[in-house]
Amino acid sequence: MYRASDRPTAPATASDLELLRRFEPAAYFTKGEPFFPADVEHYVQDCSLWEHYPDGREELLVKQGELTLEKLVEPHPAAFGTVRFLRFIENLSLTESAQVLADQARLRARLRNYFHAGIGRLARGGFLPRLVDGLFSLSFLLRGRVSAATAAAAELDYYEMFKEEPKYVYYGRVARQNGWTVLQYWFFYCFNNWRSGFHGVNDHESDWEMVAIYLYEDGGQLIPEWVAYASHDFKGDDLRRRWDDNGQLEKNEEYHPVIYTGAGSHASYFRPGEYQAEFNLPLPSWLSGLVRTWNKFWTETLGQPAGNPFRIPFVDFARGDGLRIGPGGPQAWSPVLIDESTPWVSQYRGLWGLFARDPISGENAPAGPMYNRDGSPRSSWYDPLGFAGLDKVPPPPQALELLRSNCDKVVHRQEELEQRISEKAGELQSLGIEMKGMEGNPHLAKQHAALGKTLSALADEVKGLRRERSENTALLQGLTQQLERLNAGEQDDPRAHIRHLAEPDKPTQAFRFDRAAETWAAISLSLLLFAIAVLIFLAPHYVWAGLTIIFLLFLVAESILRGAFVQTIARITLILAMVAALILFFHFWKWIIVAALLTTGAFLMFQRLRELTG
Amino acid sequence: MARRKKSDRKKRPIAVTVIAAAIVALFLIRLYQVFEPLIRQQVFQNGIAVPLFDGWRLTDLGRALFSSVAYLVLSVAGIVVLIGFLRLRRWSWVLLMSWTGISLAITLVNYFYAQHLLGSQPNYAVMASNVIIAFALNMTEVQRIFGIRRDENVPGI
């Protein structure tokens, strides 16, 4: 019988709010984090409401200070392509920007809320991703972006908001699907300052994050089985951990999963540490195809380690050394229950912060818990099981029943198959004898041919039935073993479902020369540009050769600092060898083909002659 | 009866022999490059009859002697690497790969800028030998036998 006696429980009759409180998570932040889960009502009062039209115009609908949650959901017809959005921080002049940046520095000094990156993300990524990262940073000049002053002003405003009403809020939702009870905890942050505050990918006004706990009912009690945290780079099965996986899932006072929140990004992690969140540049499809083909050739044909220079590594700091909110910590949650009947949840489909007109959306604010940026329904809301890959997983008590029922079905089918195989095999033998009897009688040629077809079809059928029986035997064996394990109270490996496990970096072990690597990482790109400028000025006729040599020298310097000299030399030499091979083929293709033909001919002759002579 | 001592020698893959043959071929080419300029300048008949420098510049004879000495050093280095390589030493793999990379880079610069930069034709024989060596050194079994590849994650560049 399936046992979960070591699990905490809650009565199935408990109210939604009681359930949410019983299992509410504890959130551990990184020192230096300025934004914490906030109250949307207060935030909305500090915002103005806008509309961005397809022709590029923007219109103010409700001024700052006049907006409420009720006004937010008032219907306002708009043309296709219109984006409705909130604006937390109004446009700042140059003087105001300088002022808020200075005020932000003073506030941080006063609160002693500093962040130290340690070995930064630049040193953790290689030279090529860093080069692409440089281009990515430059792209902000062309794309819409949220300014550093906006981030600073948001930090100051949030601080004032919190002083007026000091509380940490989560928005809890309880959904029931396919035998599971899903507790969703939604966290709203006024700002995501991952880029400006923590060297990350993006900044945007407002941020919605979610974690979910999946419970099943057994004997009138709800028992937690899975916990899923929304995170970068991961989806489906990879998002969830089993409640008894103590190596991955930390819990406070048995009932409360611990979330390590990424600094600035607010992504949720199961374990403390610094995670490499990789950002894939949105490449055109032809270029992605080319990169895929090259990677396949590089790894499969040449046997080299995989790498993608268009994947920029960003570090998400989830150290858990800052503020702690929730059970077991000094700060408590203020829960608010939400569902589809909550007007601001279901009726406001716009963005919860600035629409920065960023074509790749990284700097645009997100929509609410129920919607995506384009107003379409958010899958984690309407399909909370599919979000964590649980749509295919029955709750444990049902799993046992389903397994038994499956076993019975297979056993029944096996019996059916035995009977049919016996009948059909007899029929086949009878036809065989009949056919044999026709042989040697030319006047029965037609009947013989027709019988041959029937016999062949019947033989195929019998073969198919025997194959099915054989496959079912193996299936039944597996199902029976699984049933025995469940009956004995054994559980599978809690991580069997995970394909990609999020693991924190071990930065202290990554480099031979930490400080030098970090300094090199910071200045190498600029040095490269200076060297190219000098080359163009002093030796304009040899730009390509010079560029190649400079690039190679930088790669070698990088590899020495990263302790990868041998691998780098091997890769560079291999690339040069490929270029040289192409040149040789271009000049001597006739000779190469002739040599290949002669060699193949000689080899085949040797093989055949050896066979001939025994 | 004395027990036969088991040999702990690592089995040498065929690629190692191919590389060794390529090193020998390169050695012979380099040896030719040592003597060719000296013969062209008739050093063996006349000795060093004219000055090697004209002010700060090398004379034709100076250039010939300089390149011969350089190729001689390379030939000797090639022999040292060959010995290390046949004894399956890790350092020889690293040295040979580095040298092949540098040699390929020079050959390619020579190819693309032959007329402008060096005033000579690219040496396709050297290029071909280097390509063979580079691909052979990259083979998994060769890297394993030299202790280069241990199938663990290495930081990317």
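Residues numbered from 1 in each chain as written. Chains lettered and ligands numbered in written order. Predicted model: local features only at pLDDT ≥ 70, side-chain atom pairs only at ≥ 80, totals over all residues.

K.L.:
Help me understand helix H6 (residues 124-138) of chain B, please; the structure alone is not making it clear to me.
P.N.:
Within an α-helix, residues lying three or four positions from one another point in the same direction, as the helix has 3.6 residues per turn. Here H6 of chain B spans 21 Å end to end across 15 residues, near enough to the 21 Å set by a 1.5 Å rise per residue. Buried residues dominate H6 of chain B, accounting for 11 of its 15 residues. Every buried residue belonging to H6 of chain B is among Val-126, Met-127, Ser-129, Asn-130, Val-131, Ile-132, Ile-133, Ala-134, Ala-136, Leu-137 and Asn-138 of chain B, and all of these are buried. The inward-facing, buried residues of H6 of chain B contact helix H18 (565-613) of chain A together with helix H1 (14-40), helix H4 (90-112) and helix H7 (140-145) of chain B. (Helix = DSSP H or I, 4+ residues; strand = E, 2+ residues; numbered from the N terminus. Expected span 1.5 Å × (residues − 1). Buried ≥ 20, exposed ≤ 12 C-beta atoms within 10 Å, placed from the backbone. Contact = placed C-beta atoms within 7 Å.)

K.L.:
Is there a simple way to think about the sheet that holds strand E4 (residues 58-62) of chain A in this case?
P.N.:
The strands making up a sheet are joined through hydrogen bonds of the backbone, oriented either antiparallel or parallel. All names here are of chain A. Overall, antiparallel pairing links the three strands, which are arranged E4-E3-E5 in an open sheet. The sheet terminates laterally at E4 and strand E5 (83-87), the two strands that pair on one side only. Within the sheet, the average angular offset between the axes of one strand and its neighbour, ignoring direction, is 30°. One ladder, built from five bridges, connects strand E3 (residues 48-52) with E5; its direction is antiparallel. Within E5, the residue paired with Ser-48 across the bridge is Arg-87. (Pairing = 2+ DSSP bridges. Axes fitted to C-alpha atoms, helices over the stretch in contact; angles between N-to-C directions.)

K.L.:
How do you make sense of the nonpolar core when you look at a structure like this?
P.N.:
Generally speaking, soluble globular proteins have nonpolar side chains that are buried together. The biggest cluster of nonpolar side chains holds 99 residues, and the ones touching the most others in it are Leu-183, Cys-190, Ala-212 and Ala-228 of chain A. In contact with Leu-183 of chain A, not counting residues within four places along its chain, are Leu-19, Leu-20, Phe-23, Gly-172, Val-174, Ala-212, Ile-213 and Leu-215 of chain A. Membership of the second largest hydrophobic core comes to 30 residues, among which are Ile-23, Phe-85, Trp-93 and Leu-96 of chain B. (Core = buried A, V, L, I, M, F, W, Y, C linked by C-beta atoms within 7 Å.)

K.L.:
Please clarify how the interface of chain A and chain B should be interpreted in this entry.
P.N.:
Accessible area lost when the parts come together is the quantity often used to give the size of an interface. Listed as interface residues are 34 residues of chain A and, on the opposing side, 28 residues of chain B. Only helix H6 (127-139), helix H17 (543-561) and H18 of chain A provide two or more residues apiece to the side of chain A that touches chain B. When residues of the side of chain A that touches chain B are assigned to their parent elements, the largest contribution, 16 residues, is made by H18 of chain A. In terms of residue class, the side of chain A that touches chain B is made up of 22 nonpolar, 10 polar and two charged. (Nonpolar A, V, L, I, M, F, W, Y, C, P; charged D, E, K, R; others polar.)

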